[in-house]
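# Observations on the model geometry
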Amino acid sequence: MKFHIMTLFPEMIEQTLSSSIIGNANSQDLIHIQPVNIRDFSKNKHKKVDDYPYGGGAGMVMQPQPIMDAYRHIQTYTKKNTKVIYLTPQGKPFNQEMAESFAKEEALIFLCGHYEGVDERVIESIVTEEISIGDYILTGGELAVMVMIDCISRLVPGVLGNSDSHDIETFDQGLIEYPQYTRPAEYEGQVVPEVLLSGHHLNIERWRYEQSLIRTAIKRPDLYDKLTLTVSDEAFVKKSLQK
Ligand code: ADE
């Protein structure tokens, strides 16, 4: 899976995505992260990439020429129909389902905006999706693109060491994760639930499922309301919450 990122701050992306799981995946060629410096494509003698907005107003706007030339450069080695994602608080809110769908693509091109945004003509001519990582304003799209790449990469086969560790996790079946414990069995008077020490796999599985149900009801009532539960599961949660 290839990620091509048009940015004014390639070093920010290189540094962050070169460590940990994503860094390892990159060096093992399971994914390929390629930041492209928009400034390198500026035809201005001072390598200028932005200018004042027509009509006045605060801030600067990124000009079309350097971005379009950076895009044309990327296009020389990617397929014509590769999706172009523009990171913006005006975009569709990013979620796990979108990550799963993007993980099926061979390559993705990202555009990180800065200042007051990018010239609208760029968005009209090359952007296929506008995505936001949440209802807050960042100084640029770089942190947002890193969130997306982290999330998509871990779904690429081979990136996570333990192949099933993303099967049973938060949001799988619309439930949040059950509590996890490790050694010691008792720490400062706090004990690990008995059932986890029992070695009885069916009971452990049932307990974990119940914990996921209760936690979803308490911590994420918005997700809980979307579940279709059996009558007995629903009764179980009601009873547990009354305790
Ligand atoms: N750029 C600035 N803020 C952003 C956000 N919340 N999501 C994606 N891109 C952004």
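Residues numbered from 1 in each chain as written. Predicted model: local features only at pLDDT ≥ 70, side-chain atom pairs only at ≥ 80, totals over all residues. Heavy atoms only, no water.

## Considering the environment of valine 195
Relative to the assigned elements, valine 195 resides in helix H7 (residues 194-197). Residues valine 195 and arginine 208, spaced 13 residues apart in sequence, show a C-alpha to C-alpha distance of 9.8 Å. In this structure, valine 195 is in contact with Asn203, Ile204 and Trp207, ignoring residues within four places of it in sequence. (Helix = DSSP H or I, 4+ residues; strand = E, 2+ residues; numbered from the N terminus. Contact = heavy atoms within 4.5 Å.)

## Brief notes about the side chain of serine 212
Following the sequence through the fold, serine 212 ends up in helix H8 (residues 201-219). A relative accessible area of 7% means that serine 212 is categorised as buried. For serine 212, the side chain forms a polar contact with the main-chain oxygen of isoleucine 176, separated by 3.0 Å. If sequence neighbours within four positions are ignored, serine 212 has contacts with Leu175, Ile176, Glu177 and Tyr178. (Buried < 20%, exposed > 50% of the residue type's maximum accessible area, 1.4 Å probe, protein only. Polar contact = N/O pair within 3.5 Å; in protein donor to acceptor, adjacent residues only side chain to side chain.)

## Section: the layout of surface pockets
Estimates place the volume of the second largest pocket at around 450 Å³. What lines the second largest pocket is a set of 25 residues, among which Tyr86, Leu87, Thr88, Pro89 and Gly117 lie closest to the centre. Of all the elements in the fold, those that place two or more residues in the lining of the second largest pocket are strand S5 (83-93), helix H5 (120-126) and strand S7 (129-132). Ranked by residues supplied to the lining of the second largest pocket, first place goes to S5 with five residues. Its residues assigned to classes, the lining of the second largest pocket comprises 12 nonpolar, 10 polar and three charged. (1 Å grid on protein atoms, 1.4 Å probe; cavity = no way out; pocket = protein on both sides within 12 Å on 5 of 7 lines; lining within 4 Å. Points joined across faces, edges and corners; volume = space filled by probe spheres on them. Nonpolar A, V, L, I, M, F, W, Y, C, P; charged D, E, K, R; others polar.)

## Some words on helix H6 (residues 142-153)
For H6, with 12 residues, the first-to-last C-alpha span of 16 Å sits near the 16 Å given by 1.5 Å per residue. Taken as a whole, H6 has its buried residues at Glu142, Ala144, Val145, Met146, Met148, Ile149, Cys151, Ile152 and Ser153. (Expected span 1.5 Å × (residues − 1).)

## So, the pattern of salt bridges
Using the criterion set out here, one finds nine salt bridges in the structure. Notably, a salt bridge pairs glutamate 106 with lysine 79, separated by 3.0 Å at the nearest N-O pair. With glutamate 106 in the loop between helix H4 (96-102) and strand S6 (107-112) and lysine 79 in the loop between helix H3 (64-75) and S5, this pair connects stretches of sequence that are 27 residues apart. For the residue pair glutamate 106 and lysine 79, the accessibility class agrees, reading exposed in each case. Across the salt bridge formed by arginine 206 and glutamate 210, the nearest N and O atoms sit 2.9 Å from each other. A residue pair is termed a helical-turn pair when its members lie 3 or 4 positions apart in one helix, as arginine 206 and glutamate 210 do in helix H8 at four residues. Overall, arginine 206 belongs to the partly exposed group, its relative accessible area being 36%. On the basis of relative accessibility, which here comes to 18%, the residue glutamate 210 falls in the buried class. Here the salt bridges share partners, and the residues they tie into one network are Lys43, Asp69 and Arg72. (Salt bridge = Lys/Arg side-chain N within 4 Å of Asp/Glu carboxyl O.)

## Points about the site of the ligand
Close to the ligand lie Leu87, Thr88, Pro89, Ile131, Ser132, Ile133, Gly134, Tyr136, Ile137, Leu138, Gly140 and Ala144, which account for all nearby residues. In this structure, threonine 88 approaches the ligand through a main-chain N or O atom, which is 3.2 Å from a nitrogen atom. One nitrogen or oxygen atom from the main chain of isoleucine 133 is found 3.0 Å from a nitrogen atom belonging to the ligand. Protein burial of the ligand: of its 260 Å² of free accessible surface, 95% is covered by the chains. Taken together, the elements giving at least two residues each to the shell around the ligand come down to S5 and S7. Residues belonging to the shell around the ligand are distributed by class as follows: eight nonpolar, four polar and no charged. (Near = heavy atom within 4 Å. Areas by Shrake-Rupley, 256 points an atom, 1.4 Å probe, with all protein chains shown as cover.)

## A word on the nonpolar core
Phe110 and Ile152 are the most contacted members of the largest nonpolar core, which totals 30 residues. Mapped by element, the contributors of at least two residues to this core are strand S1 (2-7), helix H2 (20-27), S5, H4, S6 and H6. No other element matches H6, which puts seven residues into this core. Grouped together as the second largest cluster of nonpolar side chains are 21 residues, Met62, Met68, Val84 and Val122 included. (Core = buried A, V, L, I, M, F, W, Y, C linked by side-chain atoms within 4.5 Å.)

## A word on a nonpolar patch on the surface
The grouping of Met12, Tyr136, Leu138 and Leu143 at the surface amounts to a nonpolar patch, some 350 Å² of accessible area in total. Mapping leucine 138 onto the fold places it in the loop between S7 and H6. A relative accessible area of 32% places leucine 138 in the partly exposed class. (Patch = residues over 30% accessible without salt bridge, like charges linked within 9 Å, V, L, I, M, F, W, Y side chains within 5 Å.)

## Examining the packing of H8 against helix H10 (residues 231-242)
Between H8 and H10, whose axes approach to 10 Å, the crossing angle comes to 65°. Classed by the angle they form, the pair H8 and H10 counts as roughly perpendicular. Where H8 crosses over H10, the handedness of that crossing is right-handed. Across the interface between the two elements, Arg206, Tyr209, Glu210, Leu213, Ile214, Ala217 and Ile218 from H8 touch Asp233, Phe236, Val237, Ser240 and Leu241 from H10. For the contact of H8 with H10, a count of residues per class yields eight nonpolar, one polar and three charged. (Axes fitted to C-alpha atoms, helices over the stretch in contact; angles between N-to-C directions. Parallel < 35°, antiparallel > 145°, perpendicular 65-115°, else oblique. Left-handed = near helix turned anticlockwise from the far one by under 90°.)

None of the figures reported here should be taken as evidence of function without further support.
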